[in-house]
Amino acid sequence: MHELGLSSRKPYKKCARVVGEVLGKFHPHGDSAVYDSLVRMAQDFSLRSPLIGGHGNFGSIDADPAAAMRYTECRLEALTEAMLLADLDQDTVDFVPNFDNSQKEPSVLPARLPALLLNGASGIAVGMATNIPPHNLGELADVLCALIHNPDATLQELLEYMPGPDFPTGGVIMGNLGILEAYRTGRGRVVVRGKTDVELIDSRTKREAIIIKEIPYQTNKASLVEKIAELVENKTLDGISDIRDESDRSGMRIVIEVKRGSDSAIVLNNLYRLTALQSSFSCNMVGIHEGQPKLMGLKELLQAFIDFRCSVIERRAKFNLAKAQDRRHIIEGIIIGLDNLDGVICSIREASSNSIASSRLRAEFGLSEKQAEAILDIHLRKLTVLERRKFVDEKKSLEDQISGLEELLSSRTEILQVIEQEAIELKDRFFTPRRSTLEDTDCGQLDEIDVIPNEEMLLAISEKGYVKRMQPSTFNLQNRGTIGKSVGKLRVNDALSDFIVCRTHDHVLYFSDRGIVYSARAYKIPECTRTAAGTPLIQVLSLSDGERITSVIPVSEFTEDQYLLMLTVNGYVKKVALSSFSSIRASGIIAIQLVSGDELKWVRCCTNDDLVAMGSQNGNVILSSCEMIRALGRNTRGSIAMRLKEDDKMASMDIIPAAMHKEVAKLSDQPNVHAKGNGGPWLLFISESGHGKRVPLSSFRLSRLNRVGLNGYKFSSGEDRLAAVFVVGFSRAEDGESDEQVVLVSQSGTVNRIKVRDISVQSRYARGVILMRLDHGGKIQSCSLISATETELEDIEPWEVAQ
């Protein structure tokens, strides 16, 4: 079509003309294969960005065939010219002989964007097959630019720019696990649903209808309607009274009327389960790379395209450079001739033939053969002063062009800039909004949460990434100084990391040491007994190799005034709106940017009215207002929380709720005004050796971040360190004493739960009392604070989280 001149600005021509050219020059096989390919490239429901503009009947989403090629007409789309054919005549790709060696054809086209990803690909060969989903042009340009700027970008970072496929028929992509797997390994399964609405068709009887507006990619609409009708007739599908297809040129509309008294949500769920309204796209991203078929992930595909594009730009620059140098050479000869015009005319007049004239010019003025021929071909009208000035200007322009091309060829950075610039130009001209939406769910089964009671539960997470869900009655109250009760069987060399109380319907946010946050409903964790070993977190979350979960936050509702406060081991603190984490894909999203060697360790929920207490392993404490910490976006590093010494790291962080502010108001600028008072609230210090104490909150003054802090604990040995700091006294009994309990977990997995009121109140410089004997248990691994106002000594009711 390019050779025939069927550009986007020219009139349409019969498809039969194009098919005939292809058969005669490039593809000596049946015409149906050629015409079917042409038709598919013109269908906007088959290709995300059609390459051919069609005029006439080119088929429909109901699998109606296209009209015969003698009736239909076609021409190239503007995108095809700009993306695939722009540099074809500049020696950018290799040309190979056609089937009868009568002419040459390009082995590949010099694409400016990876067409393999843009429109996808599907095909079968001997022993191999490929199935690549289509993508959005704008997102493809963005992810290409992101990889150019950061060649070491992780798949996680690339997903920020291109979150998944974008099918031409729209639909809803359910979950991200299949996308992540496909982009990581080249193989994956993407579950796609049709887009539906529920409309009220009779307000008196409250009858509803399900409206299907979009269907999954490569689904036959007519077959889908036929299948639904067949299931209703066979009584397999209940609750449907009528089905009709009201689609027209304005869009798709399949109306499914629900029977009176039937639940439309259940009917819709059965439609997803029994019909192609929910189907899967199996990705098998095989491409021919360096002459060999190869299974590639997203980053590998993009990198291969960047390498190919660099080669195209380099060849184009060399072609244009040689062309400019040849022209400059001719212009230099013409200028020499014009400067010696009388001598040139004399030599030509005295010569008896063209060849003698050419040889005389070469001998007298030191010209090359091409320059002499150019002077002989020059017209008399070109001998004016004005024309000479034009030649001089052209020479200067050529020298600038040559200099620019030589600079481009000498710098890969500049070549990459050209690739980026051309990709952005395509995006600016041809970008269209995303059609497929992404929904954060695992498999998309409806009503799963409705059959699960919203009860309180315990989650125990180990250092090596095992998690188990238990009933809250699993652990009974212990006395201070006892050995405790084991949390259950752990793997060899494993230790308990975290222990939280939440409800089964809660969203549990899992924060990893690499600053990535994952989300899963609490009931997704299999329930087990205390003695069970637990489930590997990698079966629930899409964790990378070596990635550890360091903090777990249960969230029942993503409110606007709530924030998450994050603290790293090296002392960086950041506040992010909780609503930023309301939609987390299964592959996780970035929660905080970390510097090399740092880890995200603590995450807490807070509001602007709350205060935060942060402690270092050396026992220093900073008390600050959450309002003073500026709210930032997810993809930032944060600010310095505390000035740490070389051997010091952060040990813990806790939030002081706004309800405590009346008592906190007693804080003065002097650090020790109320140091001897026993009135709460208190800071509960727990050391790694199992010692602990309470210190009145009034012993600490409010301060800004990036300070050394006040000393809050004196250790009994040089090897001891601070394990945790909690604010206690929020929940109190009638006598004004703390009603909280603290759960201590040793490295061996032993759990001890004791009353906070049994821990003595001491000054900032005291060493504390023994909370848990660790003669054979190592160090304190983790601590959790709970409130149990209605708890009896040997029978625990469901717990309530105090922080």
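Residues numbered from 1 in each chain as written. Predicted model: local features only at pLDDT ≥ 70, side-chain atom pairs only at ≥ 80, totals over all residues. Heavy atoms only, no water.

**Topic: the overall build of the chain**
Phase 1 of the analysis: Of regular secondary structure, the chain possesses 16 helices and 42 strands.
Phase 2 of the analysis: Here the C-alpha radius of gyration of the chain, 37 Å, is well above what a compact globule of 803 residues would show, namely 28 Å.
Phase 3 of the analysis: Judged by the C-alpha coordinates and their principal axes, the chain covers about 125 × 80 × 50 Å.
Phase 4 of the analysis: Here the chain holds 803 residues, and 48% of them are scored as buried.
Phase 5 of the analysis: Here the analysis covers contacts within the chain between residues at least 6 apart in sequence; of these, 71% occur between residues at least 24 apart. (Helix = DSSP H or I, 4+ residues; strand = E, 2+ residues; numbered from the N terminus. Rg over C-alpha atoms; globule rule 2.2 N^0.38 Å. Buried < 20%, exposed > 50% of the residue type's maximum accessible area, 1.4 Å probe, protein only. Contact = heavy atoms within 4.5 Å.)

**A closer look at the domain arrangement of the chain**
Phase 1 of the analysis: What the domain assignment reports for the chain is domain 1 (1–85), domain 2 (115–192 + 281–336 + 382–450) and domain 3 (195–276).
Phase 2 of the analysis: For domain 1 and domain 3, the distance between their C-alpha centroids amounts to 35 Å.
Phase 3 of the analysis: On the domain 3 side, the residues contacting the six residues of domain 1 number seven residues.
Phase 4 of the analysis: Between domain 1 and domain 3 lies a buried interface of about 450 Å² when both sides are counted; carbon and sulfur atoms form 44% of it.
Phase 5 of the analysis: The largest share of the area that domain 1 buries against domain 3 comes from Ser46, Ile61 and Asp62, three residues that together contribute 77% of it.
Phase 6 of the analysis: Applying the counting rule to domain 1 against domain 3 returns one salt bridge. (Domains from an automatic or database assignment. Buried area = accessible area lost by both parts, 1.4 Å probe. Salt bridge = Lys/Arg side-chain N within 4 Å of Asp/Glu carboxyl O.)

**A short note on the environment of Glu557**
Phase 1 of the analysis: Among the secondary structure elements, Glu557 is positioned in the loop between β25 (549–555) and β26 (563–568).
Phase 2 of the analysis: Placed 25 residues apart in sequence, Glu557 and Ser582 show a C-alpha to C-alpha distance of 8.8 Å.

**Observations concerning unusual backbone geometry**
Phase 1 of the analysis: A positive phi angle, close to 70°, is found at Ala63, a residue other than glycine.
Phase 2 of the analysis: Positive phi values are uncommon outside glycine, yet Asn706 reaches one of about 60°.
Phase 3 of the analysis: Counting through the fold element by element, Asn706 comes out in the loop between β35 (691–696) and β36 (710–711).
Phase 4 of the analysis: For Asn706, a relative accessible area of 30% translates into the label partly exposed.

**Concerning the UniProt feature "active site" (unreviewed entry) in the chain**
Phase 1 of the analysis: Sites flagged by UniProt as "active site" (unreviewed entry) map to Tyr71.
Phase 2 of the analysis: Its place among the elements puts Tyr71 in the loop between β2 (52–55) and β3 (73–76). (UniProt positions renumbered as here; feature names shortened; annotations may be inferred.)

**Quick look at the sheet that holds strand β28 (residues 589–590)**
Strand-to-strand pairing in sheets goes through backbone hydrogen bonds, with the strands running parallel or antiparallel.
Phase 1 of the analysis: With respect to topology, four strands assemble into an open sheet ordered β25-β22-β23-β28, the strand pairing being antiparallel. Looking at which strands have only one partner, the edges of the open sheet turn out to be β25 and β28.
Phase 2 of the analysis: Pairing of strand β22 (residues 507–512) with β25, which is carried by six bridges, proceeds in the antiparallel orientation. From the neighbouring strand, Leu509 faces β25, where its bridge partner is Ile553. (Pairing = 2+ DSSP bridges.)

**Quick look at the sheet that holds strand β29 (residues 600–606)**
Phase 1 of the analysis: Within the open sheet, the four strands sit side by side as β29-β26-β27-β32. Their pairing is antiparallel. Edge positions in the sheet fall to β29 and β32 (639–640), since each of these pairs with one other strand and no more.
Phase 2 of the analysis: Inspection of the sheet shows β26 paired to β29 by six bridges, in the antiparallel sense. Directly across from Leu567, in β29, lies its bridge partner Trp602.

**With respect to the packing of helix α1 (residues 15–25) against helix α2 (residues 31–42)**
Phase 1 of the analysis: At a minimum axis separation of 10 Å, α1 and α2 run at an interaxial angle of 125°. With respect to their mutual orientation, α1 and α2 come out oblique. The two elements α1 and α2 meet at a crossing, and its hand is right-handed. Two secondary-structure elements touch here, α1 through Cys15, Val18, Val19, Val22 and Leu23 and α2 through Asp31, Val34, Tyr35 and Leu38.
Phase 2 of the analysis: Partitioning the contact of α1 with α2 into residue classes produces eight nonpolar, no polar and one charged. (Axes fitted to C-alpha atoms, helices over the stretch in contact; angles between N-to-C directions. Parallel < 35°, antiparallel > 145°, perpendicular 65-115°, else oblique. Left-handed = near helix turned anticlockwise from the far one by under 90°. Nonpolar A, V, L, I, M, F, W, Y, C, P; charged D, E, K, R; others polar.)

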